[in-house]
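Spelled out from the first residue to the last, the chains are:
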Amino acid sequence: MPGCRATAFRIDDCLAVDAGGIASALPIDEQARLDHILITHAHLDHIKDLAFISESVLGRREEPICVHSAPGIIAALKSHFFNNVIWPDFTAIPTHSAPVIRLKSINPGDFRVGAYLVRAIPVTHTTDALGFAVSATGATVAFTGDTGPTALLWEELNRLERLDALFIEVSFPNSLQRIADISQHLTAKTLDTELDKLNRDCAVFIYHLKPAFLAVIEGEIGELGRPNLRVLKNGDVVCVDDGVATLRTRPYEPTSAVPSSTVVPPQSA
Ligand SMILES: [Zn+2]
Ligand SMILES: [Zn+2]
């Protein structure tokens, strides 16, 4: 709805996690600087702007943008999205050998993209879905993708050397717990029990709130009384420096001055 965008995160200027709003949010020259996109799963709110970034960057890059995900998700993108029916096959445009988009299958576990070490972790959703932990020198941040209550994600995050910020979904109000359970998403209530599975303190940023229930969900998250939780808004910027996560809450403007910031405490209670 107006004022909302589908899911996408950018890390520095070259890596993205999901592509739901990546073309709606970024100017074309910044879209063209993205070298890699990690896709959590193939639901439309996480992939739709792959269509538009493909057009935006055509003729603006020497190398393809690499789109990484699990084999089933990559196969779905190929069959159902870049299939010359729903959208032109930008994995072969302008040529097979030098396309705009290159799809790459990755298995759960660790792999490198550019300067980053990525850990892909299966989560619990209605389709193949991954969470990602992304590490660079001196910082690790993790993204749950869409998930209901899950187990392996927390085991893997608890095993990481460090975790500075966690980005986790909450989709529905507590009154729709049954819908959340069926569709394998979280409410504030199940967020609370999931976060109890994380054996470490870090700043937690919440996204994926269904637009029709924004105010109710935010209220229920506030009632949890956990000081390390923040609900993200469009264009928010999170800086991780020396283990401290700072949230800049002003909508993203590419040429603007530095916005005001709040430090998000890592302690969970
Ligand atoms: Zn989903
Ligand atoms: Zn989603």
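Report follows, based on the coordinates. For every chain, the first residue of the written sequence is number 1, and numbering continues from 1 along that sequence. The lettering of chains begins at A and the numbering of ligands begins at 1, in the order of writing. The model is predicted, so local features are restricted to residues of pLDDT at least 70 and side-chain atom pairs to those at 80 or more, both for listing and for counting; the totals for chains, interfaces and linings are taken over all residues. The basis for every side-chain value is the complete set of heavy atoms in the structure, and neither hydrogens nor water enter the calculation.

**Some points on the pattern of salt bridges**
Salt bridges, as used here, are contacts in which a Lys or Arg side-chain nitrogen is within 4 Å of a carboxyl oxygen on Asp or Glu. Summed over the entire model, instances satisfying the criterion amount to 13 salt bridges. Where Arg-159 meets Glu-156, a salt bridge forms, and the shortest distance between an N and an O atom there is 2.9 Å. With Arg-159 and Glu-156 both in helix α6 (residues 152-159) and 3 residues apart, this pair spans about one turn of that helix. Partly exposed describes any residue whose relative accessible area lies between the buried limit of under 20% and the exposed limit of over 50%, with all areas from a 1.4 Å probe on protein chains only and scaled to the type maximum. Take Glu-156: its relative accessible area is 16%, and that puts it in the buried class. A salt bridge links Asp-164 to Arg-162, with the shortest nitrogen-to-oxygen separation between them at 2.9 Å. Secondary structure counts use DSSP, requiring at least four H or I residues in a row for a helix and at least two E residues in a row for a strand, with both numbered from the N terminus.

**Overview of α6**
Within α6, burial applies to Leu-153, Trp-154, Glu-156 and Leu-157. Buried residues in α6, looked at end-on, bunch into an arc of 165 degrees, giving them a common side. In this description, contact between two residues means that some pair of their heavy atoms is separated by no more than 4.5 Å. Where α6 is buried, its residues meet β7 (116-122), β8 (130-136), β9 (139-143), β10 (165-169) and α8 (188-195). Relevant arc is that of directions from the helix axis to the C-beta atoms, nothing else.

**Some words on the coordination of the zinc ion (ligand 2)**
The expected angle between donors at a tetrahedral four-coordinate metal is 109.5 degrees. At an octahedral six-coordinate metal it is 90 or 180 degrees. Counted as donors are N, O and S atoms no farther than 2.8 Å from the metal, or 3.2 Å for Na, K and Ca; water is not among the atoms, and sites may therefore look incomplete. In the first shell of the zinc ion (ligand 2), the protein supplies Asp-45 (OD), His-46 (NE2), Asp-146 (OD) and His-208 (NE2), at 2.0 to 2.2 Å from the metal. We note that the donor set of the zinc ion (ligand 2) lies within a single chain, spaced as D-H-x99-D-x61-H. Look at Asp-45 and you get partly exposed, because its relative accessible area is 27%. You can call His-208 buried: its relative accessible area is 12%.

**What to know about the coordination of the zinc ion (ligand 1)**
Taken together, His-41 (NE2), His-43 (ND1), His-125 (NE2) and Asp-146 (OD) make up the full set of protein donors to the zinc ion (ligand 1), lying 2.1 to 2.4 Å away. Metal-centred angles of 87 to 164 degrees between the 4 donor atoms at the zinc ion (ligand 1) mark the site as irregular. Each donor residue of the zinc ion (ligand 1) belongs to the same chain, with the gaps between them written as H-x1-H-x81-H-x20-D. The zinc ion (ligand 2) is placed at 3.5 Å from the zinc ion (ligand 1), the two being bridged by Asp-146. Of this pair, His-43 sits in the loop between β3 (36-38) and α3 (44-47) while Asp-146 is found in the loop between β9 and α6, placing the two residues 103 residues apart along the sequence. Since its relative accessible area comes to 29%, His-43 is described here as partly exposed. Here the metal geometry follows the donor angles, with tetrahedral for four donors whose angles all fall between 85 and 135 degrees, square planar for four and octahedral for six when opposite donors are more than 155 degrees apart and every other angle is between 65 and 115, and irregular for all the rest.

**Some points on the state of the cysteines**
Disulfides are defined in this document as cysteine sulfur pairs within 2.5 Å. Considering all chains together, one arrives at 0 disulfides under this definition. In this structure Cys-66 is not part of a disulfide, and its nearest cysteine sulfur, from Cys-14, lies 12 Å away. The thiol of Cys-239 is not disulfide-bonded; the next cysteine sulfur, from Cys-14, is found 15 Å away. Given a relative accessible area of 24%, Cys-239 falls into the partly exposed group.

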